[in-house]
Amino acid sequence: AEYMGTADFPIWRHSKVQQQQQQKEWEAQQDQNKDDKVVQQFSVKPLHKVISDHKDVIKVVIPLQSVVSSNKFEVEEQLKEFDRFSELWKEDPTEIVKEFQESDPLMSDYGIQIRKYQNLENDINALQPAYQVGSLLLLTEPLQTSLIQETRNWKWAYGKALNELGSTKMQEVFDCIENLNKKMSRPIKDLDDIRTAMAALFEMREKFISIESTIAPIEEAYIILNRFELTFNDGNAERVDSLTYAWRKLIVQSKEVQDNLLEVQPGFKGGLLDGIEHFKSDLTSFDDEYTNRGPMEKGIKPREASDRLVVSQAKFDELWRKYQTYSGGEELFGLSVTDYPNLQKIKKELNLLQKLYSLYNDVIDTVNGYYDIPWTDVDIEKINGELTDFQNKCRKLPKA
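Along each chain, the written sequence defines residue order, and numbers are assigned to residues from 1. Local features are withheld for residues below a pLDDT of 70 in this predicted model, meaning they are given only at 70 or higher, and side-chain atom pairs are given and counted only at 80 or more; totals for whole chains, interfaces and linings count all residues. Only heavy atoms go into the side-chain values, all of them from the structure, while hydrogens and water stay out.

Thoughts on the overall build of the protein
Heads up, the rule is: Secondary structure elements follow DSSP: runs of H or I no shorter than four residues count as helices, runs of E no shorter than two count as strands, and numbering proceeds from the N terminus. In this setup the radius of gyration rests on C-alpha atoms only. A globule is expected at 2.2 Å times the number of residues raised to 0.38. For every residue, the accessible area (1.4 Å probe, protein chains only) is compared with the maximum for its type, and the residue is labelled buried under 20%, exposed over 50%, or partly exposed between those bounds. Contacts are residue-level and defined by heavy atoms, with any inter-residue pair within 4.5 Å sufficient. Accessibility throughout is a Shrake-Rupley quantity obtained with a 1.4 Å probe, and a residue counts as covered only by protein chains that appear here. For the purpose of charge, His is not counted, nor are the chain termini; Lys and Arg are scored as positive and Asp and Glu as negative. To locate a charge, the coordinates of NZ of Lys, CZ of Arg, CG of Asp or CD of Glu are taken.
Regarding its fold elements, the protein presents 13 helices and two strands. For the protein, whose C-alpha radius of gyration is 46 Å, the value lies well above the compact-globule estimate of 21 Å for 400 residues. With respect to the three principal axes, the spread of C-alpha positions in the protein is 130 × 75 × 35 Å. For the protein, the residues scored as buried account for 30% of the 400 residues in total. When contacts within the protein are restricted to residue pairs at least 6 apart in sequence, those whose partners lie at least 24 apart make up 76%. As presented, the protein carries roughly 26,900 Å² of accessible surface, and 53% of it is formed by carbon and sulfur atoms. For the protein, the distance from the average site of its 51 positive side-chain charges to the average site of its 68 negative ones is 2 Å.

Laid out in C-alpha cells, this is it:
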C-alpha cells in the first residue's frame, strides 16, 4: 500500500493502523489462551475490500456505473460492425480448406477464395482507428492487426492447397510430355517403330485439348499466388515457366514425326506386303507340324505331349508377335486386315493345353516327391489335402 502511495491518504492510513492494532490484540489473546485446544484464527480484512466498501467510494462508483451502463447498447451496436469478420476467428482454416478440397474444386475456385480474404483485409484496413461512444473511446488498431493476421492465415491455407494441386497437375503434364517425347524420338527402323510413332501421334491428338485446358489454369494459379505474395520454396513457381515451352516443343516434334512417316511409308509398305507372304508360309508350316507332330498327336505319352507343348508354344508366340506386327501395319497403311482362322484356333487350343498340362506336371512332381519322404515324416493329412486340391482344380478345368 505504501508503494502505491495509499499511505499518503489519511483515511487509508487510519485503516492500515487499525488493522495492525487488531492483529496485535489477537496475538496477545493467543498468548493468554495458548493452552486452549481451540485456536482462533485472525482474519484481516483486505485493504481493497475496505476501500470498496467505504461509503465515500460507493457514492462515486454508483453514478459511474450508471454512466457506463447507459453506453452499453451503443457499444454493442458499434461492435456489430465487426460481425462480418466473424468467420476469421470462429472457423479453423485447416479444416475448412480440407472440406473445400474434398468438393473437388477447380483451380480457379481457389483463386476466388484467396481474393475473398484479400477483400476482407482491404475492408479491415479501411476501418476507423477509433470510435467515440459517449465518454468512451474504442481503439481498433490492435483488433485490426489481429484480423489482418487472420486473413493472411486464410490466404496462406488456400494458397498452400492451390500450390499442391498445381504441382500435381503440372507433374502429370510433364510426365505425359516426357512419355510422348520418348516415343516420338525413337528411330523408325521397322513396322514396330512406325506403329509406336503412330500410336504416340494418336495419343497426343486425344490428349491435346486436355493438356491445353490444363496448362492455362496452372499458369493462372501461379500468377495469383505471385500477385498475393504467397510464395513456397519448392521450385514450382520456376517450373511453371518451362511448362508451356515443353508443350510447344512437343507439338513441333509431332509435326516432324508426321512428315517423316509420310516419307518412309512407301518403302515400308512394300516390305510389309513381302513380310505378310512369308508369314502365311510360316503359318502353314507350323499348322502342319502342330497338327501332325504336336502335343495333340494320338498315341503319345503325357510327358512327351507336355514337352511338345513347350516347343509349340514358343513357336506360336513368335508367330503371334509377327501377326500383331503385320496386322498393325495393314491398319497403318489403310489395308484390309488379313484374317487367320487357324491361328486363332491354335491359340485357343494351346491355352487349354497349358492349363491341362500345367496341372498334370504339378500332380506328377508332387506325387514323385512323396517317394522321397521318410516314413517317419509322412503327413497323411497334408497329402490328402494336396490330392483333394488337385481334384478340385481338375474339375474346374474348362471343357474344350
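From this point, the discussion proceeds with the structure in view.
Let's talk about the packing of helix α6 (residues 93-102) against helix α8 (residues 141-184)
How we decide: The angle between two axes is taken between their N-to-C directions and runs from 0 to 180 degrees, where each axis is a line fitted to C-alpha atoms and a helix contributes only its stretch in contact. Crossings are assigned a handedness: left-handed for a near helix turned anticlockwise from the far helix by less than a right angle, right-handed for a clockwise turn. Amino acids outside the nonpolar list (Ala, Val, Leu, Ile, Met, Phe, Trp, Tyr, Cys, Pro) and the charged list (Asp, Glu, Lys, Arg) are all regarded as polar, and Gly is one of them.
At a minimum axis distance of 9 Å, the contact between α6 and α8 shows a crossing angle of 35°. Seen from above, α6 lies across α8 with right-handed handedness. Counting all contacts with α6, which are made through Pro-93, Ile-96, Val-97, Phe-100 and Gln-101, the residues of α8 involved are Trp-154, Ala-157, Tyr-158, Ala-161 and Glu-164. For the contact of α6 with α8, a count of residues per class yields eight nonpolar, one polar and one charged.

Digging into the nonpolar core
Soluble globular proteins: nonpolar side chains tend toward being buried together. Heads up, the condition is: Working definition of a nonpolar core: buried Ala, Val, Leu, Ile, Met, Phe, Trp, Tyr and Cys residues. They are joined through side-chain atoms within 4.5 Å.
If you look at the biggest cluster of nonpolar residues, it comprises 73 residues, and the most contacted ones within it are Phe-85, Leu-88, Ile-114, Tyr-158, Trp-247, Phe-279 and Leu-343. Those elements that provide at least two residues to this core are α6, α7 (107-125), α8, α9 (191-227), α10 (236-293), α11 (302-332) and α12 (341-370). Element by element, the count of residues in this core is highest for α10, at 15 residues. Other than its neighbours up to four places away in sequence, Ile-114 contacts Lys-155, Tyr-158, Gly-159, Leu-162, Ile-224, Leu-225, Phe-228 and Leu-230.

Observations regarding the environment of His-48
One can find His-48 in helix α2 (residues 47-52). For His-48, a relative accessible area of 59% corresponds to the exposed category. It is 29 Å that separates the C-alpha atoms of His-48 and Val-75, two residues lying 27 residues apart in sequence.

Thoughts on the pairing of strand β1 (residues 130-133)
Put simply, the test is: Between any two strands, at least two bridges found by DSSP are needed for them to pair.
By the alternation rule, side chains of β1 split into Tyr-131 and Val-133, which are all buried, and Ala-130 and Gln-132, of which none is buried. Sheet topology places β1 next to strand β2 (residues 136-139); four bridges connect them, and they run antiparallel. Within the sheet, the bridge partner assigned to Tyr-131 lies in β2 and is Leu-138. Remark: two residues form the turn of the hairpin made by β1 and β2, two consecutive strands paired antiparallel; Gly-134 in that turn has positive phi of roughly 60°.

Side note on the side chain of Gln-313
Counting through the fold element by element, Gln-313 comes out in helix α11. Looking at Gln-313, the relative accessible area reads 18%, which means it is buried. The residues contacting Gln-313, other than those within four sequence positions of it, are Leu-350 and Gln-354.

Details of the pattern of salt bridges
Applied cut-off: Salt bridge, as used here: a side-chain nitrogen of Lys or Arg that lies within 4 Å of a carboxyl oxygen of Asp or Glu.
One pass over the structure, following the stated rule, counts 16 salt bridges. Here Lys-80 and Glu-77 are joined by a salt bridge, their closest N and O atoms 3.1 Å apart. Accessibility expressed as a relative area gives 48% for Lys-80, which makes it partly exposed. Relative accessible area serves as the criterion here: at 35%, Glu-77 is assigned to the partly exposed category.

With respect to unusual backbone geometry
Notably, Asp-104 is not glycine yet its phi reads approximately 55°, a positive angle. Positive phi is not limited to glycine here, since Glu-229 has a value of about 60°. Looking at the secondary structure, you find Glu-229 in the loop between α9 and α10. Relative accessible area serves as the criterion here: at 68%, Glu-229 is assigned to the exposed category.

Details of the packing of α8 against α9
The line we're drawing: The cut-offs work like this: below 35 degrees is roughly parallel, past 145 is roughly antiparallel, 65 to 115 is roughly perpendicular, and the gaps in between are oblique.
Across the interface, α8 lies against α9 with an axial gap of 9 Å and an inter-helix angle of 155°. When the axis of α8 is compared with that of α9, the two are roughly antiparallel. As α8 runs across α9, the sense of the crossing is left-handed. Split by residue class, the contact of α8 with α9 holds 15 nonpolar, seven polar and four charged.

Quick notes on the environment of Gln-132
Summarising the element assignment, Gln-132 is placed in strand β1. For Gln-132, a relative accessible area of 54% puts it in the exposed group. Put simply, Gln-132 and Asn-181 are 49 residues apart on the chain and 69 Å apart in space, counted from C-alpha to C-alpha.

Topic: the packing of aromatic side chains
To keep things clear, this is the line we draw: In this analysis, rings of Phe, Tyr and Trp, with Trp reduced to its six-membered ring, are considered paired at centre separations within 6.5 Å, and the interplanar angle assigns stacked below 30 degrees, edge-to-face beyond 60, and tilted for intermediate values.
In this structure the tally under the stated criterion is 14 aromatic pairs. With 6.4 Å between their ring centres and 40° between their planes, Phe-286 and Phe-316 make a pair best called tilted. In this pair, Phe-286 is assigned in helix α10 and Phe-316 in helix α11, connecting sequence segments 30 residues apart. When sorted by exposure, Phe-286 lands in the same class as Phe-316, which is buried. Of the aromatic side chains, those joined through ring pairs into one cluster are Phe-279, Phe-286, Tyr-290, Phe-316, Trp-320, Tyr-323, Tyr-326 and Tyr-340.

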